[in-house]
Amino acid sequence: IDTASKFKVKDISLAEWGRKEIKLAEAEMPGLMSLREEYGQSKPLAGARIAGCLHMTIQTAVLIETLLELGAEVTWSSCNIFSTQDHAAAAIAQANIPVYAWKGMNETEFDWCIEQTLFAFEGGKPLNMILDDGGDLTNMVLDRYPELVKDIKGLSEETTTGVHRLQEREEKGTLPMPAINVNDSVTKSKFDNKYGCKESLVDAIRRATDVMMAGKVALVAGYGDVGKGSAASLKGAGARVIVTEIDPICALQAAMDGFEVKKMDNGVAEADIIVTTTGNKDIVVGRHFEKMKDKAIVCNIGHFDNEIDVSWLNSNAKKTEIKPQVDLYELNGKEIILLAEGRLVNLGCATGHPSFVMSNSFTNQTLAQIELWTNNDAYENKVYMLPKHLDEKVARLHLSKIGVELDVLSADQAEYIGVTPEGPYKPEYYRY
Ligand code: NAI
């Protein structure tokens, strides 16, 4: 097959615009760019055929081209039907990288796209590494193409929900390859999930609705990393924020951060904006819709679309599309506005997290791929995390871009607190 024709994107003529934005993003992604400098000559990923399934955005394009620069062959699909930035996908296709992604595909096309990435390498060879976000690619390979598993050295997983799926497999003994949990690197979940959502949640609600947020009541379900960033985002926009939680520790954190904490059944009637962030299912269901205010805006920023019972709305309310990814539902004389059909709103209605924070996440992803590819014998079929010295390295690579000066421990001080001047600086159990 002609490599040049191995892609399916919305509009290849968007490639030039995509390329210009990729160039801008590179300047905001110092972690990835310094990995290109460090490893561009030695090409530690030579021989790796990485199939990736992760939101096909401008930031992801910088990740893909970093993996290439380090010697890998790469194929790509997006892990959500609404999250592709078509100009980013076009630029990647233009660069002759097999990519199957466009904004607004259907579920059948979604599976088809992932499937294409398994075999689109030079000479029709199959993948030998997985880079995943949410586990859909992993599930496709493990459940539908088990014959491919023997050649795959390992997988790295980007998000909380995908890591849960991997941990279930490890417990059941059905994880057939080593995996690195990228999500729980401190420089991923305590930055992307938190500060990323802090910027991208309100961005999405504004692009979708243009609603005035100051003075409104917002309800955030879940106060984990994504919930903390989401609540901060809404508070920063001037909304009064109510949080719901099931975990007493996170509920106490929310209260002490100054938020009201209520049960969903009690808070939902007051809210103008309702956001789910739990990674759990059935958070907003029929009885909650019935209690909502007129023109309440409902959206989800968790990985999957099962947090909000959209099928209940579709069966019980009359739907009118206002614009793509913004729907109005008429229910008992009230109107409810649903964003991105209940799929993750920051990628459906906006463009996901900014480049700088994604550089942290994707530097972890790249290090995980290098580690699994070059040091494979050291790993069993378990879920691992990157060592703390690499987590600290990722952070260090991002300091100078934002003018951070770091103090340096003297040998005497280091000895006093029981570390070395080069780090790691904290024990494994430290929570940041
Ligand atoms: P987390 O585990 O830190 O937080 C989830 C919180 O929800 C926990 O505190 C949990 O106690 C709470 N929760 C669970 N069930 C609940 C219920 N019924 N009612 C109220 N609260 C409940 O997970 P994290 O990292 O915050 O991720 C959440 C979701 O967001 C995951 O699906 C993850 O994959 C996704 N994610 C999305 C991103 C985006 O850009 N849209 C970025 C990063 C993660």
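Here the structure is a predicted model, which is why all the values come from computation and not from measurement.

Trainee: Help me understand the pairing of strand S2 (residues 49–53), please; the structure alone is not making it clear to me.
Mentor: Side chains on a regular strand alternate between the two faces of the sheet. Taking burial as the measure, the five residues of S2 include five buried ones, the bulk of the element. Neither face of S2 is exposed, since Arg49, Ala51 and Cys53 on one face and Ile50 and Gly52 on the opposite face are all buried. The sheet contact formed by S2 and strand S3 (residues 73–77) spans five bridges and is parallel. Across the sheet, the residue bridging to Ala51 is Thr75, located in S3.

Trainee: Just checking my understanding: could you explain the packing of helix H3 (residues 58–69) against helix H15 (residues 355–374) for this structure?
Mentor: Any two packed helices are characterised by how steeply their axes cross, that is the angle between the axes, and by the distance between the axes. In the contact formed by H3 and H15, the axes pass within 10 Å of each other and the chain directions differ by 30°. One finds that H3 runs roughly parallel with respect to H15. Classified by chirality, the crossing of H15 by H3 is right-handed. Taken together, the residues of H15 that come into contact with H3 (itself represented by Gln59, Thr60, Leu63, Thr66 and Leu67) are Ser355, Met358, Phe362, Gln365, Thr366 and Gln369. Here the residues of the contact of H3 with H15 sort into four nonpolar, seven polar and no charged.

Trainee: Whenever I open this one, the nonpolar core confuses me. Can you help?
Mentor: Looking at soluble globular proteins, one finds that nonpolar side chains tend to be buried together. The biggest cluster of nonpolar side chains holds 63 residues, and the ones touching the most others in it are Leu127, Val141, Ile205, Leu234 and Leu339. Sort the elements by how many residues they give to this core and helix H8 (residues 186–209) lands first, with six residues. When sequence neighbours within four positions are dropped, the list of residues in contact with Leu127 reads Arg49, Ala51, Leu118, Phe121, Val141, Leu148 and Ile152. Grouped together as the second largest cluster of nonpolar side chains are 46 residues, Ile92, Ile180, Met358 and Val394 included.

The rules behind these values
Residues numbered from 1 in each chain as written. Predicted model: local features only at pLDDT ≥ 70, side-chain atom pairs only at ≥ 80, totals over all residues. Heavy atoms only, no water. Buried < 20%, exposed > 50% of the residue type's maximum accessible area, 1.4 Å probe, protein only. Helix = DSSP H or I, 4+ residues; strand = E, 2+ residues; numbered from the N terminus. Pairing = 2+ DSSP bridges. Axes fitted to C-alpha atoms, helices over the stretch in contact; angles between N-to-C directions. Parallel < 35°, antiparallel > 145°, perpendicular 65-115°, else oblique. Left-handed = near helix turned anticlockwise from the far one by under 90°. Contact = heavy atoms within 4.5 Å. Nonpolar A, V, L, I, M, F, W, Y, C, P; charged D, E, K, R; others polar. Core = buried A, V, L, I, M, F, W, Y, C linked by side-chain atoms within 4.5 Å.

These figures come from the coordinates and say nothing about function on their own.
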